[in-house]
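Residue strings, one per chain:
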Amino acid sequence: MKSHTEYLWFNTDKKREFVHITPTVRQIVQQSGITEGFVLVSAMHITASVFVNDLEQGLFEDIWEWLEGLSPFREDYKHHRTGEDNGDAHLKNLLMHHQVMVPVTEGDLDLGPWQEIFYGEFDGRRRKRVVVKAIGI
């Protein structure tokens, strides 16, 4: 069993943004030399996420609308008593999750039809990272 770890860094121009990272994760897996196993992709910040879904702009618009409906920006979050203003970003993270694990088969990501990996930013415009850890043989 072996493992390979790399970090991706993000500093989005927008406060809220989805970033397509499948090609980068695929390249890391291929460089790792692992042919059978898994790759963990995990946001290392509690106001960001990693998720698998379709690369389709209309779906992204639907996801943003859904997230805003469930956890809209509000001034009155109790979290804001700490001096922060990102209570909604923490809730969006809970809805979208912070990590995914994807199978690696024959040295490549074993994704289903239309599946792609994304970084979701809910409190951007500052430097954040994602760990990519491939584990296998």
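Residues numbered from 1 in each chain as written. Predicted model: local features only at pLDDT ≥ 70, side-chain atom pairs only at ≥ 80, totals over all residues. Heavy atoms only, no water.

Quick look at the sheet that holds strand β6 (residues 108-109) now. Reading across from one edge, β1-β8-β3-β5-β6 is the order of the 5 strands in this open sheet, with antiparallel pairing throughout. The open sheet has two edge strands, β1 (2-10) and β6, and neither has a second partner. As paired strands, strand β5 (residues 99-105) and β6 are joined by 2 bridges and run antiparallel to one another. Paired with valine 104 across the bridge in β6 is leucine 109. (Pairing = 2+ DSSP bridges. Helix = DSSP H or I, 4+ residues; strand = E, 2+ residues; numbered from the N terminus.)

All right, on to a negative patch on the surface then. A surface patch of negative charge is lined by Glu56, Glu61, Asp62 and Glu65. Along the chain, glutamate 56 falls in the loop between β4 (48-53) and α2 (57-70). When its relative accessible area of 37% is taken as the criterion, glutamate 56 is described as partly exposed. (Patch = residues over 30% accessible without salt bridge, like charges linked within 9 Å, V, L, I, M, F, W, Y side chains within 5 Å. Areas by Shrake-Rupley, 256 points an atom, 1.4 Å probe, with all protein chains shown as cover. Salt bridge = Lys/Arg side-chain N within 4 Å of Asp/Glu carboxyl O. Lys, Arg positive; Asp, Glu negative; His and termini not counted. Charge placed at Lys NZ, Arg CZ, Asp CG, Glu CD. Buried < 20%, exposed > 50% of the residue type's maximum accessible area, 1.4 Å probe, protein only.)

Let us now look at the sheet that holds strand β7 (residues 116-121). In spatial order, the strands read β2-β7-β4; together these 3 strands make up an open sheet with antiparallel pairing. The open sheet is flanked by β2 (17-20) and β4, the only strands paired with a single partner. The mean angle between the axes of side-by-side strands here comes to 30°, regardless of whether they run parallel or antiparallel. In this structure, β2 lies alongside β7, joined through 4 bridges in antiparallel fashion. Counterpart to histidine 20 in the pairing with β7 is phenylalanine 118. Lying over the sheet, α2 contacts β2, β4 and β7, oriented at roughly 140° with respect to β2. (Axes fitted to C-alpha atoms, helices over the stretch in contact; angles between N-to-C directions. Contact = heavy atoms within 4.5 Å.)

Moving on, we get to the environment of lysine 15. If you trace the backbone, lysine 15 turns up in the loop between β1 and β2. Here the alpha-carbon distance between lysine 15 and tryptophan 66, two residues 51 residues apart in the chain, equals 17 Å. When sequence neighbours within four positions are dropped, the list of residues in contact with lysine 15 reads Asp85, Glu121, Phe122, Asp123, Gly124 and Arg125. Here the side chain of lysine 15 touches aspartate 123 through a polar contact of 2.6 Å, side chain to side chain. (Polar contact = N/O pair within 3.5 Å; in protein donor to acceptor, adjacent residues only side chain to side chain.)

With that settled, consider the pairing of β5. Burial along β5 is one-sided: Val100, Val102 and Val104 are buried, while Gln99, Met101, Pro103 and Thr105, pointing the other way, are not. Summarising the sheet, strand β3 (residues 36-43) and β5 pair through 7 bridges and their orientation is antiparallel. Opposite glutamate 36, over in β5, you have threonine 105 as the bridge partner. Counting the residues between successive antiparallel strands, the hairpin from β5 to β6 contains 2 residues, one of them, glutamate 106, with a positive phi of roughly 50°.

This paragraph deals with the nonpolar core. Among the nonpolar cores identified, the biggest contains 23 residues, and Ile21, Val25, Val39, Val41 and Val130 are the most heavily contacted of them. Elements with a minimum of two residues in this core: β1, α1 (22-32), β3, β4, β5, β7 and β8 (128-136). Discounting residues that sit within four places of it in the chain, valine 25 has contacts with Val39, Val41, Leu109, Ile117 and Val132. Counting residues in hydrophobic clusters, the runner-up holds 9 residues, among them Phe18, Ile63, Met96 and Phe118. (Core = buried A, V, L, I, M, F, W, Y, C linked by side-chain atoms within 4.5 Å.)

Interpretation in functional terms is not warranted from these geometric data alone.
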